[in-house]
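Survey of secondary and tertiary structure
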Amino acid sequence: MSIDWREQGVRIVRSDELDDNTPQTPGMTRAAAINFAKAGTSKLWAGTVDIQPDAKTGAHHHGELESVIYVLSGRARMRWGDRLEYVAEAEAGDFIYVPPYVPHQEINASPEEPLHCILVRSDQEAVVVNLDIAPAEESETVWIGPNHPAPG
């Protein structure tokens, strides 16, 4: 059996072909680029997310899914933990990895600038489990890697 690589090979999804018919969060706009409908994928979902200044999600997790966020522009703040007691920030060029079941909150750290990111998930399902978490009064700042000095 021979494979028709022309039809079953590499796919290009142009920037003007993104699909915004995805689950949305107030203050955020998601658009799918790579999914079953656009590229025939069975295990991955990839797309863009644009987050308005000062916008944030509620506490949630994505079940068994793994997520990777690549920051194109702006400043992302992530809070995570049983009480969202840990916090770190990422800027343009940084990657954020969110393991399965980790309670977290995504925040645009800027009150003036939008945050633009690429999002990749390990499945097609838009799994979001909202959590009723009383956030810790003070978060512990966690800086991962030598290129993230404490804010000053």
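This section reports on the structure supplied with the text. (Residues numbered from 1 in each chain as written. Predicted model: local features only at pLDDT ≥ 70, side-chain atom pairs only at ≥ 80, totals over all residues. Heavy atoms only, no water.)

**Some words on a nonpolar patch on the surface**
A cluster of nonpolar side chains, Val68, Phe95 and Tyr97, forms an exposed patch at the surface whose accessible area comes to about 320 Å². Relative to the helices and strands, Phe95 resides in strand E7 (residues 95-98). (Patch = residues over 30% accessible without salt bridge, like charges linked within 9 Å, V, L, I, M, F, W, Y side chains within 5 Å. Areas by Shrake-Rupley, 256 points an atom, 1.4 Å probe, with all protein chains shown as cover. Salt bridge = Lys/Arg side-chain N within 4 Å of Asp/Glu carboxyl O. Helix = DSSP H or I, 4+ residues; strand = E, 2+ residues; numbered from the N terminus.)

**Focus on the pairing of strand E6 (residues 86-91)**
Both strand E5 (residues 75-80) and E6 contribute to a ladder of six bridges, which runs antiparallel. Each bridged residue has a counterpart across the sheet, and for Arg75 the counterpart in E6 is Glu91. The antiparallel hairpin formed by E5 and E6 contains five residues in its connecting segment, where Gly81 sits at a positive phi of about 120°. (Pairing = 2+ DSSP bridges.)

**Some words on the environment of Leu18**
Residue position: Leu18 is located in the loop between helix H1 (5-8) and strand E1 (28-34). By relative accessible area, which is 29% here, Leu18 ends up partly exposed. Separated by 16 residues in sequence, Leu18 and Ile34 have C-alpha atoms that sit 8.6 Å apart. Each residue touching Leu18, except ones within four places of it in the same chain, is listed here: Val13, Ala31, Ala32, Ala33 and Thr48. (Buried < 20%, exposed > 50% of the residue type's maximum accessible area, 1.4 Å probe, protein only. Contact = heavy atoms within 4.5 Å.)

Taken by themselves, the reported measurements are silent on function.
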